[in-house]
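Structural overview for review
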Amino acid sequence: MTADAQSPVVPTYQGRPLDHPDEPVFDQGLRLDLETVVARRQLAKLICCGASSAGLQARAESTMRFPDTRPMSRAEQGMEAASVRRCA
């Protein structure tokens, strides 16, 4: 006999062993549902962070290539002066 024949085969779902192997996947209980939700949220966070950083990088590159050279209006000059005074 081989080592595989001696160990029982445990059904898994996305690499996790099922708590109730005799039940279908959709009826495994709250624990499996919560683990699945948390794993999917972590993946969604990773994708969103990657997309956000790519967008910020693209924005930074376009700003460096095409700086805003138009003269500032009086309102913009006043807002900039006020923000400088607030930070000082």
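Conventions and cut-offs
Residues numbered from 1 in each chain as written. Predicted model: local features only at pLDDT ≥ 70, side-chain atom pairs only at ≥ 80, totals over all residues. Heavy atoms only, no water. Helix = DSSP H or I, 4+ residues; strand = E, 2+ residues; numbered from the N terminus. Buried < 20%, exposed > 50% of the residue type's maximum accessible area, 1.4 Å probe, protein only. Areas by Shrake-Rupley, 256 points an atom, 1.4 Å probe, with all protein chains shown as cover. Polar contact = N/O pair within 3.5 Å; in protein donor to acceptor, adjacent residues only side chain to side chain. Salt bridge = Lys/Arg side-chain N within 4 Å of Asp/Glu carboxyl O. Contact = heavy atoms within 4.5 Å. Patch = residues over 30% accessible without salt bridge, like charges linked within 9 Å, V, L, I, M, F, W, Y side chains within 5 Å.

Within the protein one finds three helices and two strands. Helices (α) and strands (β) of the protein occur, in sequence order from the N terminus, as α-β-β-α-α. By the burial criterion, 6% of the 88 residues in the protein qualify as buried. Element-wise, carbon and sulfur atoms account for 62% of the exposed surface of the protein, whose accessible area totals about 7,900 Å².

Tracing the backbone through its elements, the reader meets Q28 in the loop between strand 2 (16-17) and helix 2 (30-65). On the basis of relative accessible area, Q28 is assigned to the buried category, the value being 4%. Here E23 takes part through its backbone oxygen, which lies 3.1 Å from a polar atom of the side chain of Q28.

Let us now look at the pattern of salt bridges. Considering all chains together, one arrives at two salt bridges under this definition. The salt bridge partner of R31 is E35, with a shortest N-O separation of 3.3 Å. In this pair, R31 and E35 are both assigned in helix 2, four residues apart and thus about one turn of the helix distant. E35 sits in the partly exposed class, given a relative accessible area of 31%. Among the charged side chains, a salt-bridge network with shared partners connects R16, R31 and E35.

This next bit is on the side chain of R16. Topologically, R16 is positioned in strand 2. Taking the relative accessible area as the measure of exposure, R16 reaches 16% and is therefore buried. Those residues within four positions of R16 in sequence are excluded, and the remaining contacts are P11, L32, E35, T36 and A39.

The next thing to look at is a nonpolar patch on the surface. On the surface, L43, L46 and I47 cluster together into a nonpolar patch covering about 330 Å² of accessible area. Here L43 is to be found in helix 2. In this structure L43 comes out as partly exposed when scored by relative accessible area, which is 49%.

Read these as spatial facts, not as claims about activity.
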